Structure formats: C-alpha cells, structure tokens
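Per-entry structural report
Chain by chain, the residues run as shown.
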Amino acid sequence: MDNIKMVCEQIKETMECPNCKIIATMDRKTALENADGVLCTVFNGDVDIWRYDIEIPKKYGIDINVGDARSVSGIFRALRNIPLMLEICSDIEKYCPNAVFLNYTNPMPMLCGAMQKYSNVEVTGLCHSVQGTIHMLAQWLNIPKEEIEYKCMGVNHQAFYTVLKHNGEDLYPALKALVSNNEEYYNKEQVRNEMFLKLGYYVTESSGHNSEYNQWFRKRPDLIEKYCTHSTDWNPGKYAFSLELRNERKMDPEKQYKDFLKKPISKLKSEEYAADIFNARIGDGKPFIFNGNVLNKGSIPNLPFDACVEVPVVADFMGFKTTIAGELPEHLAILVNTTARIENLVIKAAMKKSKEMVYEAVYMDPLSSAVCSLDEIKKMCDELFEINKDYLKWENN
C-alpha cells in the first residue's frame with residue numbers, strides 16, 4: 001500500500017496537481033464513503049491460488065497462456081471474484097449509491113454481468129484492447145489513429161471490428177495484403193492474423209489471449225509451436241506467460257515500483273477511457289463514446305439478450321447509453337454466442353453455487369472440449385473445486 005501511494009504521489013507531483021489529496025487505506029468504507037467515482041482492479045487470492053487454475057488443467061492437456069478471462073481458468077477465477085465484486089457493489093450502494101463504478105478486473109464479462117444483474121450500481125467494465133488494437137493497426141498501415149473510423153462489437157477480448165475505414169475507404173483490403181504478403185507483419189500477431197485471414201475481421205485481444213478462447217490453436221503441441229511460440233508481439237502464447245510474470249514480481253515486490261519511478265512520467269493523456277468517462281458523468285458533461293461492457297438488451301441482436309457484451313457506449317451527465325451495434329456476421333456470431341452463453345451459465349452457477357452448472361460450462365468451453373473427454377473435464381473441475389474450497393465454500397451440490 002505504501003509503495004502504491006508513493007507512485008501516486010510522484011504522479012501528482014509530475015502532473016502539478018497540488019490540491020489533489022491522496023489517501024491510502026485498507027478500509028473499504030473509508031475508500032468509498034461519498035465517492036462520486038470508483039475504479040476497481042482486484043486479484044482475489046493472488047498467485048497462490050490462481051496458479052492452480054493454470055497448473056491443474058495442464059495435467060489434463062489444456063495448455064493455458066494467461067488464464068484470467070476465459071476457458072476453465074477464467075471460469076474458476078470468475079467463481080472466486082463474483083462474490084467479492086458483489087460485496088463491493090453492496091458497499092457502494094451503502095456508502096456512495098450515486099457513484100459511477102468502472103471495473104478493470106477480469107474476467108470482465110462475467111464480473112460485469114453479475115454486477116449488472118444482481119446489484120443496483122451504475123457499473124461498466126473497461127479494457128484497453130479496443131483502442132490498443134486500433135493504435136497497432138494504425139502503425140502497421142501508417143495512418144494516424146485519430147483518422148481511423150471503426151465500429152467494434154462482441155464480448156470483451158473477443159470483439160471484432162465490423163467497420164474499419166479511413167476517409168470512407170475500407171481498410172481491410174490493405175490490411176489483408178499486408179499480413180498476407182509480409183511475413184514480418186504476419187509474425188507480429190500470428191494467432192490474430194490467422195483468424196483475420198480466415199474469418200475476415202480483426203479481433204481485439206492479443207494473440208496469446210485469443211489462442212485460449214477457441215479450439216484452433218492450443219489443442220496439439222505442433223499447433224502451439226506453430227502459432228503460439230514465435231510471434232514477435234508482447235504475448236505470443238507461451239504456457240503460463242502471465243503467471244510467470246506475477247511469480248517474478250512476487251519474488252521481488254519492490255522492483256516494479258522502483259522500475260516505474262526510474263522512468264520519466266509522461267504528462268500526455270493515456271488511451272484509457274476512465275478519465276473521459278468520469279468527466280462526462282461527473283465533470284463538465286461532455287459526451288464521450290467508448291467501448292464498454294454492458295448488458296446486451298438487443299444491441300447485438302444475434303447474441304443473447306442478457307449477455308454482457310462489449311459495444312459502443314455513450315457517457316454523458318445523464319448516464320450510460322448503449323448504442324444499437326447491429327448483428328455480428330453469422331460465423332462470428334456462432335463463435336461469440338458460445339462464449340457469451342458459457343459466461344451467462346457461469347454467472348448463474350456462481351449465484352446458485354451449483355457445481356453441476358460449472359461442469360456444464362467447462363464441458364462446452366472450446367479449448368477444454370477440444371482436448372478432454374467429458375469425464376476428464378469433470379475430474380479436472382473436481383480438482384479445482386477442492387483447491388478453491390476455502391474461497392467458494394460451496395456445499396457438494
């Protein structure tokens with residue numbers, strides 16, 4: 001806590017905000033009381049429990065890269081975090097009922113979906129993958145990112161750019177030519193580029209992440225070697241990539257703070273949405289369009305009505321307004337429907353404390369079902385339930 005406060009004080013000094021008051025506390029009431037806006041990023045259990053979400057599936061042949069958002073690892077992380085997020089929402093209702101709650105914690109759609117269905121808090125979830133990918137594609141195509149027109153829709157980490165234009169001209173032909181004919185660019189994002197060339201639309205989240213969200217890239221060692229090992233971007237898809245990073249941090253917790261403070265702090269605004277959303281909701285009211293995680297309610301008609309989707313949202317002083325994004329192309333809708341329906345089932349499982357529903361969700365998970373039999377999946381889940389018993393405290397139902 002002291003290190004985090006130290007970093008915040010350094011940012012305050014760099015940004016020349018002498019009237020900004022920073023309070024560090026471990027008491028949720030103190031943090032929330034009379035707040036206008038709340039940001040949340042939490043990690044229930046730390047790597048001491050999360051490691052088993054990665055290591056136990058590996059025993060059954062399921063090779064996980066990050067494991068924070070989807071597949072069997074994301075499902076068990078959701079089961080641990082949904083109760084915590086609902087506790088936070090309950091305290092927001094008690095101590096700052098009019099606050100705008102912005103969640104940065106994964107697995108985004110399952111946590112946001114649970115909060116949106118089972119609390120009265122004004123909450124949406126934020127990710128940087130939509131604007132981050134546009135930044136990447138703008139660099140590849142040598143176009144200023146501010147000049148790219150796009151519409152992105154789907155579910156978090158599995159949203160697709162159904163519109164990608166510059167000065168009214170479709171950019172997909174130029175992008176397809178670039179990644180088809182230039183090995184350097186294809187190799188930057190092997191999984192995503194392969195998906196784009198076959199599916200026709202670019203997906204938001206990195207190659208390593210996306211490799212564990214479907215059945216195509218991680219079910220055999222040769223495919224992992226081909227698509228998930230040699231990409232040149234930050235996360236090719238190596239087994240336990242994110243877990244290893246966090247284990248390194250845990251061995252020397254001070255290092256990340258010292259490394260941060262060694263570098264100059266930029267005064268330039270980041271690409272994160274939160275500041276603009278707070279300004280729109282509780283500042284000068286200037287409307288702001290962003291990709292947020294909200295209940296579908298018909299925004300994407302060929303996804304479940306009650307799914308948590310990631311679509312263009314408008315924030316202003318009156319609240320959040322979900323746009324009508326339109327239908328996904330049918331083949332993408334098949335892929336995203338599987339994800340959205342599994343996530344809905346996990347939310348129900350968490351609320352009902354139903355092991356049977358969890359089994360059913362993992363049975364349908366594309367990666368798990370590509371590798372394991374039904375019986376193997378059940379045995380794997382039972383091992384994970386045993387490891388997580390102190391967090392879930394479920395009866396044997």
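In what follows, the accompanying structure is described. Note that the coordinates shown come from a computational prediction; the quantities given were computed from them, not determined experimentally.

Brief notes about the overall build of the protein
- When its secondary structure is counted, the protein shows 19 helices and nine strands.
- Its C-alpha atoms give the protein a radius of gyration of 21 Å, near enough to 21 Å, the size a compact globule of 397 residues would have.
- When the backbone C-alpha atoms are referred to their principal axes, the protein occupies close to 60 × 55 × 45 Å.
- Within the span of the protein, comprising 397 residues, buried residues form 52% of the whole.

Digging into unusual backbone geometry
- At the junction of N106 and P107, the peptide bond is cis and its omega measures out at 0° in the coordinates.
- Here P107 lies in the loop between β2 (100-103) and α5 (108-118).
- The phi dihedral of D46 is positive, around 60°, even though this residue is not glycine.
- As for its position among the elements, D46 is in helix α3 (residues 46-59).
- Taking the relative accessible area as the measure of exposure, D46 reaches 32% and is therefore partly exposed.
- In this structure, K393 takes a positive phi of about 50° despite not being glycine.
- Its location among the elements puts K393 in the segment after α19 (389-392).

Quick look at the pattern of salt bridges
- According to the stated counting rule, one finds 27 salt bridges in the structure shown.
- Two residues, R220 and D222, come together in a salt bridge whose shortest N-O distance is 2.9 Å.
- What makes R220 partly exposed here is its relative accessible area of 39%.
- Ionic contacts of the salt-bridge type, sharing partners, join the residues D46, D48 and K250 into one network.

What about helix α7 (residues 172-181)?
- All of the buried residues in α7 are Y172, L175, L178 and V179. In a view along the axis of α7, the buried residues occupy a sector of 125°, so they form one face of it. Of the exposed residues in α7, the ones pointing more than 90 degrees away from its buried face are P173 and N181.
- Among the structural elements, α6 (129-141), β5 (158-166), β6 (169-170), α8 (183-188) and α9 (190-199) are those in contact with the buried residues of α7.

Comments concerning the nonpolar core
- Ranked by size, the top nonpolar core spans 59 residues in total, and within it W140, L175 and Y202 carry the most contacts.
- When residues of this core are assigned to their parent elements, the largest contribution, seven residues, is made by α6.
- Counting residues in hydrophobic clusters, the runner-up holds 57 residues, among them V47, I82, V123 and I377.

Observations concerning the side chain of T124
- Within the secondary structure layout, T124 lies in strand β3 (residues 122-125).
- Of the polar contacts made by the side chain of T124, one reaches the backbone oxygen of N293; its length is 3.0 Å.

A look at a nonpolar patch on the surface
- Taken together, M6, I11, M15, F260 and L261 make up a surface patch of nonpolar side chains, about 370 Å² in accessible area.
- Looking at the nonpolar patch, the elements that each hand over two or more residues are α1 (2-14) and α13 (255-262).
- You can see M15 is positioned in the loop between α1 and α2 (28-32).
- M15 sits in the partly exposed class, given a relative accessible area of 33%.

Topic: the side chain of R77
- One can find R77 in helix α4 (residues 71-95).
- Every residue in contact with R77, bar those within four places of it in the chain, is listed here: V42, F43, W50, D53, G67, D68, N106 and P107.

Here's the deal with the environment of V155
- Secondary-structure assignment places V155 in strand β4 (residues 148-155).
- Using a relative accessible area of 0% as the deciding quantity, one classes V155 as buried.
- For the pair V155 and P109, spaced 46 residues apart in the sequence, the C-alpha separation amounts to 7.1 Å.
- Other than its neighbours up to four places away in sequence, V155 contacts R70, C308, V309, E310, V336, T339 and A340.

A word on the pairing of strand β8 (residues 308-316)
- In terms of residue burial, β8 counts as a mostly covered element, since eight of its nine residues are buried.
- Here strand β7 (residues 288-295) pairs with β8 via eight bridges, running antiparallel. Note that in β8 the partner of L295 across the bridge is C308.
- As paired elements, β8 and strand β9 (residues 319-322) share four bridges and run antiparallel to each other.

Comments concerning the pairing of β4
- Sheet analysis places β4 next to β5, joined by eight bridges and oriented antiparallel. Following the sheet pairing, I148 is matched in β5 by H166.
- The turn joining β4 and β5, which pair antiparallel and follow one another in sequence, is formed by two residues; a positive phi near 70° is taken by H157.

The rules behind the values
Residues numbered from 1 in each chain as written. Predicted model: local features only at pLDDT ≥ 70, side-chain atom pairs only at ≥ 80, totals over all residues. Heavy atoms only, no water. Helix = DSSP H or I, 4+ residues; strand = E, 2+ residues; numbered from the N terminus. Rg over C-alpha atoms; globule rule 2.2 N^0.38 Å. Buried < 20%, exposed > 50% of the residue type's maximum accessible area, 1.4 Å probe, protein only. Salt bridge = Lys/Arg side-chain N within 4 Å of Asp/Glu carboxyl O. Arc of directions from axis to C-beta. Contact = heavy atoms within 4.5 Å. Core = buried A, V, L, I, M, F, W, Y, C linked by side-chain atoms within 4.5 Å. Polar contact = N/O pair within 3.5 Å; in protein donor to acceptor, adjacent residues only side chain to side chain. Patch = residues over 30% accessible without salt bridge, like charges linked within 9 Å, V, L, I, M, F, W, Y side chains within 5 Å. Areas by Shrake-Rupley, 256 points an atom, 1.4 Å probe, with all protein chains shown as cover. Pairing = 2+ DSSP bridges.

Treat this as a map of the structure, not an account of what it does.
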